[in-house]
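Spelled out from the first residue to the last, the chains are:
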Amino acid sequence: MEPADETPERFNIAAYALGRMAASKPDNVALMVFDGTSREPSDVWTYATLEDAVLRTTSGLQSLGIKMGDRVLLRMGNSVWFPIMFFACLAGGFVPVPTSDRLGTRELDHIAKDCKPILIAHDGATRLPSPVAGVKIFGPDDLQFLSQSPLGLYGRTYSYDPAYLIYTDGTSASPRGVLHAHRALWGRRQLQTEWLGLTQKDRILHTGADNWARSIGYGLMDPLCRGAAVILLSPPKLRRVFDQALPILVELTGATVVAAMPAHFITALKSGTVKADSMPSLTRAVSSGAILPAHVTQEWQSVTGRPIYDGYELAEIASPIYSGADCAVKPGKIGKPAPGRKLAILAPDAGLKNVSVNQIGVIATHRSDPALMLGYWNDAATTKAAVRGAWFLTGDLALRDQDGYIQYEGRLASLVNVEGYRANPEEIETIIAGLPSIREVAVAEGVVPGRGRGLVAYVVPQDGVTLAPNELNRSLAPLLVDYKRPKKWIEVDGLPKTASGKLARFALAEALAV
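Residues numbered from 1 in each chain as written. Predicted model: local features only at pLDDT ≥ 70, side-chain atom pairs only at ≥ 80, totals over all residues. Heavy atoms only, no water.

Enquirer: What's the story with the packing of helix α12 (residues 262–271) against helix α13 (residues 294–304) in this structure? I'm lost.
Expert: Two quantities define a packed helix pair, namely the angle between the helix axes and the distance between the axes. Where α12 contacts α13, the axes come no closer than 10 Å and their chain directions differ by 55°. On the basis of the axis angle, α12 is oblique to α13. Note on packing geometry: the crossing formed by α12 with α13 is left-handed. Contacts between α12 and α13 involve Phe265, Ile266 and Leu269 on the former and, on the latter, Val296, Glu299 and Trp300. (Axes fitted to C-alpha atoms, helices over the stretch in contact; angles between N-to-C directions. Helix = DSSP H or I, 4+ residues; strand = E, 2+ residues; numbered from the N terminus. Parallel < 35°, antiparallel > 145°, perpendicular 65-115°, else oblique. Left-handed = near helix turned anticlockwise from the far one by under 90°. Contact = heavy atoms within 4.5 Å.)

Enquirer: What is the right way to read the environment of Tyr309 from this model?
Expert: Following the sequence through the fold, Tyr309 ends up in strand β13 (residues 308–310). With a relative accessible area of 15%, Tyr309 lands in the buried category. Distance in space between the C-alpha atoms of Tyr309 and Tyr322 is 7.1 Å, their sequence separation being 13 residues. (Buried < 20%, exposed > 50% of the residue type's maximum accessible area, 1.4 Å probe, protein only.)

Enquirer: I would appreciate a short explanation of the sheet that holds strand β7 (residues 162–167) in the present structure.
Expert: In a beta sheet, neighbouring strands pair by backbone hydrogen bonds and run either parallel or antiparallel. An order of β7-β8-β18 is seen for the three strands of this open sheet, with the pairing classed as antiparallel. Each of the sheet's edge strands pairs with one partner strand only, and the pair in question is β7 and β18 (375–376). Taken together, the two bridges between strand β8 (residues 177–181) and β18 define a ladder with antiparallel strand orientation. Across the sheet, the residue bridging to Leu179 is Gly375, located in β18. (Pairing = 2+ DSSP bridges.)

Enquirer: Sorry, what's going on with unusual backbone geometry here?
Expert: It is generally the case that most residues other than glycine have a negative phi and that most peptide bonds are trans. Despite not being glycine, Met279 shows a phi value in the positive range, around 55°. Mapped onto the fold, Met279 is located in the loop between α12 and β12 (284–287).

Enquirer: Before we go on, may I ask you to explain the packing of helix α3 (residues 81–92) against helix α9 (residues 217–225) in this structure?
Expert: Where α3 meets α9, the axes come as close as 12 Å, and the angle between the chain directions of the two elements is 70°. Classified by the interaxial angle, the pair formed by α3 and α9 is roughly perpendicular. Contact residues: α3 offers Phe82, Pro83, Phe86 and Phe87, while α9 offers Leu220, Met221 and Leu224. Here the contact of α3 with α9 is built from residues that sort into seven nonpolar, no polar and no charged. (Nonpolar A, V, L, I, M, F, W, Y, C, P; charged D, E, K, R; others polar.)

Enquirer: Before we go on, may I ask you to explain the packing of aromatic side chains in this structure?
Expert: We describe a pair of aromatic rings using the distance from one ring centre to the other and the angle between the two ring planes. Summed over all chains, the structure comprises ten aromatic pairs. Judged by centre distance (6.4 Å) and plane angle (15°), the rings of Trp195 and Tyr322 are stacked. Of this pair, Trp195 sits in the loop between α7 (189–194) and β9 (203–205) while Tyr322 sits in strand β14 (residues 321–322), and the two are 127 residues apart along the sequence. With relative accessibility at 0%, the residue Trp195 sits in the buried group. Judged by relative accessible area, which is 4%, Tyr322 ranks as buried. Summarising the aromatic geometry, the rings of Phe265 and Trp300 are spaced 5.1 Å apart at their centres and angled 80° between planes, so their arrangement reads as edge-to-face. A residue pair is termed long-range when its members are at least 10 positions apart, and Phe265 in helix α12 and Trp300 in helix α13 qualify at 35 residues. Taken individually, Phe265 and Trp300 each receive the classification buried, so the pair is uniform in this respect. (Phe/Tyr/Trp six-rings, centres within 6.5 Å; stacked < 30°, edge-to-face > 60°.)

Enquirer: Looking at this model, I keep getting lost on the pattern of salt bridges. Mind explaining?
Expert: A side chain with one charge may pair with a side chain of the opposite charge, provided their charged atoms come close. Under the counting rule described, the total for this entry stands at 16 salt bridges. Notably, a salt bridge pairs Glu251 with Arg39, separated by 3.7 Å at the nearest N-O pair. Taken as a pair, Glu251 in helix α11 (residues 246–253) and Arg39 in the loop between β1 (29–34) and β2 (43–46) lie far apart in primary sequence, 212 residues in all. For the residue pair Glu251 and Arg39, the accessibility class agrees, reading exposed in each case. Among the salt bridges present, the one from Arg56 reaches Asp52, with a minimum N-O distance of 3.0 Å. Remark: Asp52 and Arg56 occur in helix α2 (residues 47–63); sequence separation between them is four residues, near one turn of the helix. Owing to a relative accessible area of 24%, Arg56 belongs among the partly exposed residues under this scheme. Overall, the relative accessible area of 32% leaves Asp52 in the partly exposed class. The network of salt bridges with common partners includes Asp101, Arg102, Asp210, Arg239 and Arg240. (Salt bridge = Lys/Arg side-chain N within 4 Å of Asp/Glu carboxyl O.)

Written out as structure tokens, the structure reads:
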């Protein structure tokens, strides 16, 4: 376990994550890019060559007059230019804004308007926002030119200086900016070994550009901080089949660690491609971003002989709860609070005391945690509303069982009142999605003929399957109490999603006329 020492006053993410390894292990592989045309990587970067490109790009950005605190919007897929620009900005004290290459025009324009970038770094292919007056766009040729600038130096930033700006998924509203300080990486050190299990021998595989805002920690900063190699799947078509072709991708890349969302593991298992003898190089699978159903954990363990280590990773804070080295997997539970991290389960209404064992409350993290955000971007009111005394309220509900494990119970804002009870749509969707005939499902309160208001399930069935409500109800009877079972089933072609692939609940009512 990492020593619980104080956060240094001076701290720079790029210097700590990249500079240390470039000095001690310069020839170790830092990045491997695969384009799918060969079993060999199309591009390989060592720590030394990556640091050289980063510091030259930092110098080039400084020559353009970019100053500490200026935002640089990154519109890039899984090319090597993304990590170069991300760390070049951090090295100079500029603030990179990593974004998903799957963002729609509305979300992208909102982010571009909100963060007010001085520059947009572009790979030449990813969608750009609508033109913004005075904002420069640097394409591949411009970035190549910047990387040939004189060698720069790591900035002497303070640990509390702004480092990077990410945006929430926008599942319940427009994406909200979350500003992190350089100290964020210092707060992630413990989870790098205990949850992710990273060593210098590892290669980590993830989707990357599908949601850089979510994967920027475990997918880039954490592995480089530990001397591991980051695998980038460059063509979008490879990332589109990430879940269905997971064993093939692991074999192709030699990945030892896979980091994915629960939906990826669910689809991989349903595809039938995950076998006992597949993925021999894989030593660890980690999940975050949504509920990891108990049956998925159990099936993955049964088929592969390896566990999935779950983690509670938010845009606002690096995972304070996980299973891993010192916390055995318990299906249906996230894990336990990390040693040394201050976490509480507080009453939803008020108060500063933990609720009792097996009682539902709001997950709260102490404001002294270096991995906690500085605040919501340009939104002091929302930042203040999320604070209760010395605690930051995540808005997520959970309970702590008698063994100290944390069980996720959904978003406080997403709960619905059904027949006098409070129901969690995420819990119900997780159960329904486990049925073999279901591809996707969304549950919301709606009009039920003869009953007034009740739960309505909007279902995308598997190919060739006809929706059979009576059969579905019979299958759910032993899994959900009556008030949690949908009283109306509607077959749909698709569900509204955020760029990261999560259900966009704010759009559900409008898109499906709930």
